[in-house]
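An overview of the molecular structure
The residues making up each chain are set out below.
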Amino acid sequence: MDCGMKSQIKAWAAEMGFDDCRIARAGEASHAKEFRGWLDDGRHGGMAWMERAPERRCDPREVLAGCKAVVCLAMNYLPAQNPFPESHPGGYRIARYAWNDDYHDLIETRLRGLDHKMQSLGGTQKPYVDTGPVLERDFATDAGLGWNGKSTMQIHRRLGTWFFLAEILTTLELAPDASSGDHCGKCTRCIDACPTRAITAPHQLDARRCISYLTIEHKGPIPEEFREAMGDRIYGCDDCLDACPWNRFAAVSREMTFHARGSIFENRLRDFLELDDEAFRKLFAGSPIKRIKRARFLRNVCVALGNTGSVDDLPSLRKAAADPEPLIAEHAAWAVARIRMRAGPTRRL
Ligand code: B12
Ligand code: SF4
Ligand code: SF4
């Protein structure tokens, strides 16, 4: 094994703006059994793509012939606080990772650069960020980057939970780094903080109950049992991250591309209902939110308005209730009914 090569790769990763870089052995993932159990129980909900070729997801040698090591990388995305302009107080929540540009674009470019450099050492590589068939958090744990907390989030001693994972599968022989152990102790804050009880036991997440899944991945109507618990969250959820004490010392990201995009947060909730397809694409150009398209996003906005809106929102919601897209129309009608119920029987609305 070549320690010089390993230090060189780590130095390149740091130069490229990665916040940490550690090495795992290429072999079967340490929690492959749990992953298969999760799929068998259907806890992945409608994410059918998770079912595809589980043997590949559990073993990088199935993805890259001759794979010897997994280079695990972390990138801090924590944006500065309060994205809303002073002119309005906000009143909705978007998961922090989606406050501005899509991380895939930035990280993929950096990964390609690192791959290129590793080729000069004689390696063949496959770089991935999120979209590849890799149990990213398992390998990060093996590499000692951090550990999988009870929320299932990968936690880093210095970065807390606010970082993306990426990895490069390589044929280079690199000595694995030591794992760092689990540092959750007796804490259960993430489990207690989850609004929908999606963390059903330590290290067990039922995606079908998770607001991140319901607002991003789930394509159909939001099941009624979860609508109230969604509160004012319109894209993703950070509650189990916010609750984690390991985030106390997390520093803000150096990457400007992750800091809040003003043009999004200038909008009040009901302003989003005015977006047609073209305006939606323009507002969210380059943002992860663009991926869920207008109908799913407005569905989420209607649920948040149903939970937090007032009679002033009714004209916009009534218009949305006549939208030709049934997903929007149904959720808007639900929101109108909820606001009317809150306003009480005496007012004609
Ligand atoms: C599918 C997916 C989702 C799904 C399901 C999440 C989940 N927990 O499985 C949904 C849509 C809900 C989701 C939500 C989010 N996601 Co997501 N998601 C993924 C994806 C694509 C796959 C995850 C996966 O394999 N899940 C399968 C389950 C079984 O695996 P797991 O939860 O990691 O569980 C492992 C361990 O818990 C362990 N285990 C099981 N039982 C036990 C028991 C014990 C005792 C132990 C020790 C371990 C253990 O085994 C499991 C298998 O390895 C990854 C990218 C990737 N390719 O890995 C991103 C990823 C996990 N997501 C990410 C992010 C940022 C999020 C959100 C924070 C976004 C948001 N703010 O809304 C939330 C967080 C929700 C949460 N608490 O996990 C980041 C996480 C970075 C980090 N620091 O951990 C990733 C790594 C993407 C990336 N490249 O950065 N996500
Ligand atoms: S992201 Fe939100 S809903 Fe999902 S497990 Fe965490 S706290 Fe629960
Ligand atoms: S909130 Fe507590 S239990 Fe949950 S991941 Fe963080 S340290 Fe672990």
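Nothing here was measured: the structure is a model prediction, and the numbers come from that model. (Residues numbered from 1 in each chain as written. Chains lettered and ligands numbered in written order. Predicted model: local features only at pLDDT ≥ 70, side-chain atom pairs only at ≥ 80, totals over all residues. Heavy atoms only, no water.)

**Description of the pairing of strand β7 (residues 163-170)**
Within β7, 8 of the 8 residues are buried, which leaves it mostly tucked inside the rest of the structure. Here β7 shows two buried faces, one formed by Phe163, Leu165, Glu167 and Leu169 and the other by Phe164, Ala166, Ile168 and Thr170. Alignment of strand β2 (residues 69-76) against β7, held across 8 bridges, turns out to be antiparallel. Paired with Val70 across the strands is Leu169, a residue of β7. (Buried < 20%, exposed > 50% of the residue type's maximum accessible area, 1.4 Å probe, protein only. Helix = DSSP H or I, 4+ residues; strand = E, 2+ residues; numbered from the N terminus. Pairing = 2+ DSSP bridges.)

**Considering a negative patch on the surface**
A cluster of acidic residues, Asp276, Asp277, Glu278 and Glu325, forms a negative patch on the protein surface. Within the secondary structure, Asp276 sits in the loop between α11 (269-272) and α12 (277-283). Among the residues examined, Asp276 registers a relative accessible area of 44% and is labelled partly exposed. (Patch = residues over 30% accessible without salt bridge, like charges linked within 9 Å, V, L, I, M, F, W, Y side chains within 5 Å. Areas by Shrake-Rupley, 256 points an atom, 1.4 Å probe, with all protein chains shown as cover. Salt bridge = Lys/Arg side-chain N within 4 Å of Asp/Glu carboxyl O. Lys, Arg positive; Asp, Glu negative; His and termini not counted. Charge placed at Lys NZ, Arg CZ, Asp CG, Glu CD.)

**Observations concerning the site of ligand 3**
Around ligand 3 sit Gly149, Lys150, Ser151, Ile155, Cys184, Cys187, Arg189, Cys190, Cys244, Pro245 and Trp246, and that is every residue in its neighbourhood. Per-class residue counts for the shell around ligand 3 are 7 nonpolar, 2 polar and 2 charged. (Near = heavy atom within 4 Å. Nonpolar A, V, L, I, M, F, W, Y, C, P; charged D, E, K, R; others polar.)

**Digging into the pattern of salt bridges**
A full pass over the atoms with the stated rule returns 21 salt bridges. Notably, a salt bridge pairs Arg233 with Asp239, separated by 2.7 Å at the nearest N-O pair. Neither residue differs from the other here; Arg233 and Asp239 are each classed as buried. Shared partners join several salt bridges into a network, and the residues in it are Arg93, Asp232, Arg233 and Asp239.

**Considerations on the domain arrangement of the protein**
Frequently, the measure chosen for interface size is the accessible area removed from exposure when the parts meet. With domains assigned, the protein is organised as domain 1 (3-170) and domain 2 (267-339). Computed over C-alpha atoms only, the centres of domain 1 and domain 2 are separated by 32 Å. Facing the 10 residues of domain 1 at the interface are 10 residues of domain 2. Together, the buried faces of domain 1 and domain 2 total about 820 Å²; carbon and sulfur atoms form 58% of this surface. Contact with domain 2 buries surface across domain 1, with His88, Tyr92 and Asp102 losing the most and accounting together for 49% of the total. Asp102 is the partner of Arg291 in a salt bridge, and the nearest nitrogen-oxygen pair spans 2.8 Å. Across the domain 1-domain 2 interface, the total number found is 3 residue pairs in polar contact (both at pLDDT 80 or more). For the side of domain 1 that touches domain 2, the class distribution of residues is 4 nonpolar, 4 polar and 2 charged. (Domains from an automatic or database assignment. Contact = heavy atoms within 4.5 Å. Buried area = accessible area lost by both parts, 1.4 Å probe. Polar contact = N/O pair within 3.5 Å; in protein donor to acceptor, adjacent residues only side chain to side chain.)

**A look at the packing of helix α1 (residues 3-15) against helix α4 (residues 103-119)**
Between α1 and α4, the least distance of the axes is 10 Å, while the angle of their chain directions is 155°. With respect to each other, α1 and α4 are oriented roughly antiparallel. When you trace α1 past α4, the crossing you get is right-handed. Residues Ile9, Trp12 and Ala13 of α1 form the contact with α4, whose own contacting residues are Leu114, Lys117 and Met118. When grouped by side-chain class, the residues that make up the contact of α1 with α4 number 5 nonpolar, no polar and 1 charged. (Axes fitted to C-alpha atoms, helices over the stretch in contact; angles between N-to-C directions. Parallel < 35°, antiparallel > 145°, perpendicular 65-115°, else oblique. Left-handed = near helix turned anticlockwise from the far one by under 90°.)

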